[in-house]
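Breakdown of the fold
Chain by chain, the residues:
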Amino acid sequence: MIIAVFNGLPLLDEQLESLAAQDYSGPFEVIISDNGSTDGLPGHLEGHPLAERLRLRRVDSSDRAGAPHARNVGAVAAGGDFLAFTDQDDRVHPGWLSALVEAAADYDAVGGPIEVVSLNSPKVAKWRPSPPPEERFPSHYLYWMHGNNMSMWRTTFEKVGGFDETMVYGDDLDMSWTIQEAGMTLGHAPGAMVAYRLRPTLREAWHQSLNYGRSQVDVYAKHRPNGCPPYPLRGTLITLAVVLFCNPAFVFMRRWVPSGLWMLHTGVLAGRIQGSWRLRTFDYL
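**As for the packing of aromatic side chains**
Applying the stated criterion to the full structure yields eight aromatic pairs. With a centroid separation of 5.1 Å and 65 degrees between ring planes, the pair formed by Phe82 and Trp153 is classed as edge-to-face. One end of the pair, Phe82, is in strand S4 (residues 82-87); the other, Trp153, is in strand S8 (residues 150-153), with 71 residues separating them in the sequence. By way of ring pairs, the aromatic residues Phe85, Phe157 and Phe163 are connected into one cluster. Between Arg272 and the ring centre of Tyr231, over which it is positioned, the NZ or CZ distance is 4.2 Å. A cation over a ring is seen here: Arg280 above Trp277, with NZ or CZ 4.3 Å from the ring centre.

**Regarding the environment of Val76**
You can see Val76 is positioned in helix H4 (residues 67-77). On the basis of relative accessible area, Val76 is assigned to the exposed category, the value being 62%. Sequence-wise, Val76 and Phe157 are 81 residues apart; in three dimensions their C-alpha atoms are separated by 9.6 Å.

**Some points on the side chain of Asn149**
With respect to the helices, strands and loops of the structure, Asn149 is situated in the loop between helix H6 (122-125) and S8. Ignoring sequence-local partners within four residues, the contact set of Asn149 consists of Phe85, Trp96, Leu100, Val110, Gly111, Gly112, Pro113, Ala192, Met193 and Val194.

**Structural notes on the pattern of salt bridges**
Applying the stated criterion across every chain, the model contains 11 salt bridges. Overlapping salt bridges, with partners in common, bring together Glu14, Arg91 and Arg197 in one network.

**A closer look at the layout of surface pockets**
By volume, the second largest pocket is sized at about 290 Å³. Looking at the lining of the second largest pocket, the elements with two or more residues in it are S4 and helix H5 (96-103). Broken down by element, the residue count for the lining of the second largest pocket peaks at three residues, all from S4. Of the residues contributing to the lining of the second largest pocket, the split by class is 11 nonpolar, two polar and three charged.

**Digging into empty space enclosed by the protein**
Evaluation of the coordinates by the stated rule reveals two cavities of 30 Å³ or more. The space that makes up the largest cavity amounts to roughly 70 Å³. Among the elements that make up the lining of the largest cavity, the one with the highest residue count is helix H9 (residues 202-223) (three residues). Classifying every residue of the lining of the largest cavity gives four nonpolar, three polar and two charged. Quantified by volume, the second largest cavity comes out at close to 50 Å³. Together, Gly111, Gly112, Arg136, Phe137, Tyr143, Trp144, Met145, Leu186, Gly187 and His188 line the second largest cavity. Of the residues forming the lining of the second largest cavity, the biggest block, three residues, is contributed by strand S9 (residues 186-188). For the lining of the second largest cavity, a count of residues per class yields five nonpolar, four polar and one charged.

Parameters at a glance
- Residues numbered from 1 in each chain as written.
- Predicted model: local features only at pLDDT ≥ 70, side-chain atom pairs only at ≥ 80, totals over all residues.
- Heavy atoms only, no water.
- Phe/Tyr/Trp six-rings, centres within 6.5 Å; stacked < 30°, edge-to-face > 60°.
- Helix = DSSP H or I, 4+ residues; strand = E, 2+ residues; numbered from the N terminus.
- Lys NZ or Arg CZ within 6 Å of the ring centre and 35° of its normal.
- Buried < 20%, exposed > 50% of the residue type's maximum accessible area, 1.4 Å probe, protein only.
- Contact = heavy atoms within 4.5 Å.
- Salt bridge = Lys/Arg side-chain N within 4 Å of Asp/Glu carboxyl O.
- 1 Å grid on protein atoms, 1.4 Å probe; cavity = no way out; pocket = protein on both sides within 12 Å on 5 of 7 lines; lining within 4 Å.
- Points joined across faces, edges and corners; volume = space filled by probe spheres on them.
- Nonpolar A, V, L, I, M, F, W, Y, C, P; charged D, E, K, R; others polar.

Structure, rendered in structure tokens:
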């Protein structure tokens, strides 16, 4: 299990505790890929109470900033044939690893669902509705794995050359599409649930949404030569309608559309516009 970490304390300990509570009966190790933390992470991990239970190891990935690079460094350092990735500030459910491993018997890579109830306030949880556990994450092109809930065989990782380190954001979408474009299979394990910690303020949600939108354009531009179609006009019109008519500035809309959800749609659209202008790729609007 590989966790890309940058200044992840103290939330990282919650994730480590959840990994220690896994019901998986086989051997596993946890690789902490330290992407330049300045919060005392090395000292914190030295002699950590869960070090033996998790076969905990820290590797240094500070030579290049970004989760894709940290994940690659962690994957190369890992000793196993099956690689599972999650994030520093989330929390995996007890059956997470077992469900991924079981599903991986039939697939080259496997993702799982997320839930936003456990780690967020009721108000913030409404900002990001999550699909039912049995549903995969769709896109307008191919299915994808959420970044905090990805797994694959080492042979899969090596065949696609690891994560694209130029994708500071959107590397999960890019990796998912790349795997399938290479002729490999992407499965979904409904039992591999991860509790997802959302950004707790509207300002943070806005910046994250902008990055989502920009990265979507980056990923599209990379995969367009492989057959990725432009974003459907209908989808853009729906997003635009939400932005215009569900604005929380209209007092009567606040009851029906949470402000954070409106911020998500607005930020993603703004990010797509910015990304499209930067790359002169206007067919993704």
